[in-house]
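Each chain is listed here by its residues.
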Amino acid sequence: QVQLVESGGGLVQAGGSLRLSCAASGSISSINDMGWYRQAPGKQRELVADITRGGSTMYADSVKGRFTISRDYAKKTVSLQMNSLKPEDTAVYYCNVDVVDYYSRSVRSWGQGTQVTVSS
């Protein structure tokens, strides 16, 4: 079983910054992709940013140039630095991790979600 613990959400004014972090633990042999999704009220969950095992990154067009995703391989963590935040960034942010467990099974896990609210 894989556990994900997120931290770093909160309330910030437009133009401000927040940093989200997600730590993975449990039955983990290796970690492939790590990413962040978000879901605003009344909207579908969407991919915000993703980082591969090799370190390649991708971003949603709406956050390019403002958000940066990074990972620490030793600590099994993924972080999302969010700068120049806008009210439309308000959402629940979810960590998502694709791991190979000790039984060589591919397991995709979700964090519990952390609220990010950007006031205008």
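Just so you know, these numbers come straight off a predicted model, no measurement behind them. (Residues numbered from 1 in each chain as written. Predicted model: local features only at pLDDT ≥ 70, side-chain atom pairs only at ≥ 80, totals over all residues. Heavy atoms only, no water.)

Chemist: How should the sheet that holds strand β8 (residues 77-82) be read in this particular structure?
Modeler: Strands pair in a sheet through their backbones, by hydrogen bonds, and they do so in one of two ways: parallel or antiparallel. Spatially, β1-β3-β8-β7 is the arrangement adopted by the four strands of the open sheet, whose pairing is antiparallel. Because the sheet does not close on itself, it has two edges, and the strands there are β1 (2-7) and β7 (67-72). Going from strand to strand, the sheet's axes swing by 15° on average, the running direction of each strand aside. Strand direction decides the pairing type here: β1 and strand β3 (residues 18-26), joined by six bridges, are antiparallel. Note on β3: the bridge partner recorded for Val 2 is Gly 26. (Pairing = 2+ DSSP bridges. Helix = DSSP H or I, 4+ residues; strand = E, 2+ residues; numbered from the N terminus. Axes fitted to C-alpha atoms, helices over the stretch in contact; angles between N-to-C directions.)

Chemist: When you look at the state of the cysteines in this model, what are you seeing that I'm missing?
Modeler: One covalent bond between the sulfur atoms of two cysteine residues makes up a disulfide. Per the stated rule, a full pass over the model turns up one disulfide. Two residues, Cys 22 and Cys 95, share a disulfide whose sulfurs are 2.1 Å apart. Disulfide Cys 22 to Cys 95: torsion about the S-S bond roughly -80°, handedness left-handed. With Cys 22 in strand β3 and Cys 95 in strand β9 (residues 91-100), this pair connects stretches of sequence that are 73 residues apart. Since its relative accessible area comes to 1%, Cys 22 is described here as buried. Residue class for Cys 95 comes out buried when judged on its relative accessible area of 0%. (Disulfide = S-S within 2.5 Å. Buried < 20%, exposed > 50% of the residue type's maximum accessible area, 1.4 Å probe, protein only.)

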